[in-house]
Amino acid sequence: MSLSSQRILVIGGGFSGMAAAIELRKQGAKVDLVEIDPGWRSYGAGISLGGATLRALRRLGVLEAFLAQGNASDGVNLHLPHGPLVATLPTPRIAGDDVPGGGAILRPVLARILAEATRAAGANVRLGCTFAAIDQQADGVLVTFTDGQRQRYDLVIGADGLYSKVREAVFENAPRPRYSGQAVWRAVLPRPPEIETATMWMGPQIKPGVNPVSKTEMYLFVTEPRPTNDHVDPATFVDTLRALLEGFTAPTLQAIRSQIGPDSQIVYRPLEGLLMPRPWSRGRVVLIGDTVHATTPHLASGACIGIEDALVLADELAQSAGDMPAALAAFESRRWERCRMVVENSARLGEIEIDGGDKEEHSRIMRESLMALAEPI
Ligand SMILES: Cc1cc2nc3c(=O)[nH]c(=O)nc-3n(C[C@H](O)[C@H](O)[C@H](O)COP(=O)(O)OP(=O)(O)OC[C@H]3O[C@@H](n4cnc5c(N)ncnc54)[C@H](O)[C@@H]3O)c2cc1C
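Since we're looking at a predicted model, the values are computed, not measured. (Residues numbered from 1 in each chain as written. Predicted model: local features only at pLDDT ≥ 70, side-chain atom pairs only at ≥ 80, totals over all residues. Heavy atoms only, no water.)

## Focus: the overall build of the chain
The secondary structure content of the chain amounts to 10 helices and 20 strands. The C-alpha atoms of the chain give a radius of gyration of 21 Å, which matches the 21 Å a tight globule of 377 residues would have. Each of the three principal axes of the chain carries a C-alpha extent, and together these read 65 × 45 × 35 Å. Residues classed as buried in the chain amount to 56% of the 377 residues present. Taking contacts inside the chain between residues at least 6 apart in sequence as the whole, the part at least 24 apart equals 70%. Taking the average location of the 38 positive side-chain charges in the chain and that of its 43 negative ones, the two points are 3 Å from each other. (Helix = DSSP H or I, 4+ residues; strand = E, 2+ residues; numbered from the N terminus. Rg over C-alpha atoms; globule rule 2.2 N^0.38 Å. Buried < 20%, exposed > 50% of the residue type's maximum accessible area, 1.4 Å probe, protein only. Contact = heavy atoms within 4.5 Å. Lys, Arg positive; Asp, Glu negative; His and termini not counted. Charge placed at Lys NZ, Arg CZ, Asp CG, Glu CD.)

Written out as structure tokens, the structure reads:
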């Protein structure tokens, strides 16, 4: 059924919110999207995308743009800290035989691709704007915006991320983000010719990796245990990141280390997670993406499950013949187990890395999670 009589508000213009706007416009809904950042910027270096994410991008209609502006490749190479290759994790071609099983792209580039698709789909995007009040009524939701406008909606989608104000306003007992005890450093660097796919060096507690984001660039990520979530002075970023890689004697990694400098766009991020217990909707307000299930990046699947939420929500709304409670219940039951798996398995991988724990368990969880992600949504 077409959603052409429905008016839907998306709060938050990240990957999940943009995907929701694109898919709901395809179903004919009138979609407003409000994004609090007047510049609609995306922070961070690169982002790794698995085969399931590429499948979701294909359905959104932006796979070609990703392949042209990012990098796609097969397999993840695992090395010892001094260099030897120990294994190559296969990455199944989930998006189709013609598309490699994974890839990466600069975050601002992916955000721009999705922003262009959101506008092209006909969503009404308002930047520098958010909700001031959400008032659930019998036949809709009355939303007052920070610019003074008011509008009635059939559905409001909270996609405003880990520190969501929609979650806070609508779910008074919702959990808060929890610090994982691990932090990640990321930087953008020139890509040496030998780096053709995602590549990691398995230190006992520190795990550096690189992933090509284009023909000429790659991003570096380094996870490290940090018992407390204290401020780190940006003036120390270059020296700290270089020091973390000191003990890795692999010649390729040492060459990469020598490239780290003030122009490397270094981003430091303490890792937090959140899994909101069900229900994920109240009345006509539903939460998607990091707003309800923010994962640490160990399976590189946070963006994936957020974008998939948008696809499944649009499917269920289109199939429900106007029965909103049934659509929201069906959405949640299709999404819960997959999202729980990603958040909890990622958290466990982080714990094993912090403790320098069981490598067998680590690779078993990686393998099982990658297989589960290949399942249809
Ligand atoms: C260090 C790190 C590395 C990661 N690496 C990967 C990876 O390699 N692969 C992967 O798939 N995932 C990765 N992730 C996860 C991924 O980044 C997130 O899951 C994804 O960005 C979530 O998208 P989202 O749209 O749900 O939320 P967000 O990206 O947080 O977007 C929320 C949007 O809402 C806006 N907003 C906030 N408050 C309001 C408000 N009150 N009103 C209106 N708008 C608002 C924000 O400005 C933002 O645009 C990583 C995460 C971290 C922390």
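## Digging into the UniProt feature "domain: FAD-binding" (unreviewed entry) in the chain
UniProt's feature table lists "domain: FAD-binding" (unreviewed entry) at residues 8–345, given in the numbering used throughout. This span, residues 8–345, is 31% helix and 31% strand, and a straight line between its end C-alpha atoms measures 33 Å. (UniProt positions renumbered as here; feature names shortened; annotations may be inferred.)

## Notes on the pattern of salt bridges
Under the counting rule described, the total for this entry stands at 25 salt bridges. For Glu 23, the salt bridge goes to Arg 59, with nearest N and O atoms at 3.1 Å. Placement of the pair is Glu 23 in helix H1 (residues 15–26) and Arg 59 in helix H2 (residues 51–60), with a sequence separation of 36 residues. Taking the relative accessible area as the measure of exposure, Glu 23 reaches 2% and is therefore buried. Overall, Arg 59 belongs to the partly exposed group, its relative accessible area being 32%. Where Lys 207 meets Glu 353, a salt bridge forms, and the shortest distance between an N and an O atom there is 2.9 Å. One end of the pair, Lys 207, is in strand S15 (residues 207–212); the other, Glu 353, is in helix H9 (residues 324–355), with 146 residues separating them in the sequence. Lys 207 sits in the buried class, given a relative accessible area of 9%. (Salt bridge = Lys/Arg side-chain N within 4 Å of Asp/Glu carboxyl O.)

## Quick look at the environment of Pro 81
By the secondary structure assignment, Pro 81 is in the loop between strand S5 (76–79) and strand S6 (85–89). Look at Pro 81 and you get partly exposed, because its relative accessible area is 21%. With 217 residues separating them in the primary sequence, Pro 81 and His 298 have C-alpha atoms 18 Å apart. When near neighbours in sequence (up to four residues on either side) are disregarded, Pro 81 contacts Met 202, Gly 203, Phe 248, Thr 249 and Ala 250.

## Comments concerning H2
Because each turn of an α-helix spans 3.6 residues, side chains separated by three or four positions end up pointing in the same direction. A large share of H2 lies buried, amounting to 7 of its 10 residues. Among all positions in H2, only Gly 51, Ala 52, Thr 53, Leu 54, Ala 56, Leu 57 and Leu 60 are buried. Just past H2, the residue Gly 61 takes up positive phi, approximately 95°.

## Points about the sheet that holds strand S10 (residues 140–145)
Strand order in this open sheet of 3 strands is S9-S10-S11, and the pairing throughout is antiparallel. The open sheet has two edge strands, strand S9 (131–137) and strand S11 (150–153), and neither has a second partner. When the angles between neighbouring strand axes are averaged without regard to direction, this sheet yields 20°. Pairing analysis gives 4 bridges linking S10 to S11, with the strands arranged antiparallel. Counted as the bridge partner of Val 141 is Tyr 153 from S11. (Pairing = 2+ DSSP bridges. Axes fitted to C-alpha atoms, helices over the stretch in contact; angles between N-to-C directions.)

## Observations regarding the sheet that holds strand S18 (residues 281–282)
Pairing within the open sheet is mixed, and its 6 strands lie in the order S8-S2-S1-S12-S19-S18. Where the open sheet ends on each side, the last strands, each with one partner, are strand S8 (124–127) and S18. Judged from the 2 bridges that link them, S18 and strand S19 (residues 285–287) form a sheet pairing that is antiparallel. Across the sheet, residue Ser 281 finds its bridge partner in S19, namely Val 286.

## Some points on the nonpolar core
Judged by nonpolar contacts, the single largest core of 100 residues is most densely connected at Phe 15, Leu 24, Leu 57, Leu 60, Ile 157 and Leu 317. Here this core gets 10 residues from one element, more than from any other, and that element is H9. For Ile 157, the residues in contact, after removing those within four places along its chain, are Ile 8, Leu 9, Val 10, Ile 11, Ala 20, Leu 24, Val 286, Ile 288 and Leu 313. (Core = buried A, V, L, I, M, F, W, Y, C linked by side-chain atoms within 4.5 Å.)

## Remarks on helix H8 (residues 302–319)
With 18 residues, H8 should reach 26 Å at 1.5 Å per residue; the first-to-last C-alpha distance of 26 Å fits that figure. Burial within H8 is extensive, with 16 of its 18 residues counted as buried. Phi for Ala 321, located one or two positions after H8, is positive at around 50°. (Expected span 1.5 Å × (residues − 1).)

## Some words on unusual backbone geometry
Of note, the amide linkage connecting Arg 278 to Pro 279 takes the cis form, showing an omega dihedral of 5°. By the element assignment, Pro 279 lies in the loop between strand S17 (267–275) and S18. Even without being glycine, Gln 265 reaches a positive phi, approximately 50°. You will see that Ala 300, though not glycine, has its phi angle at about 50°, which is positive. Considering the arrangement of structural elements, one finds Ala 300 in the loop between strand S20 (293–294) and H8. Taking the relative accessible area as the measure of exposure, Ala 300 reaches 30% and is therefore partly exposed.

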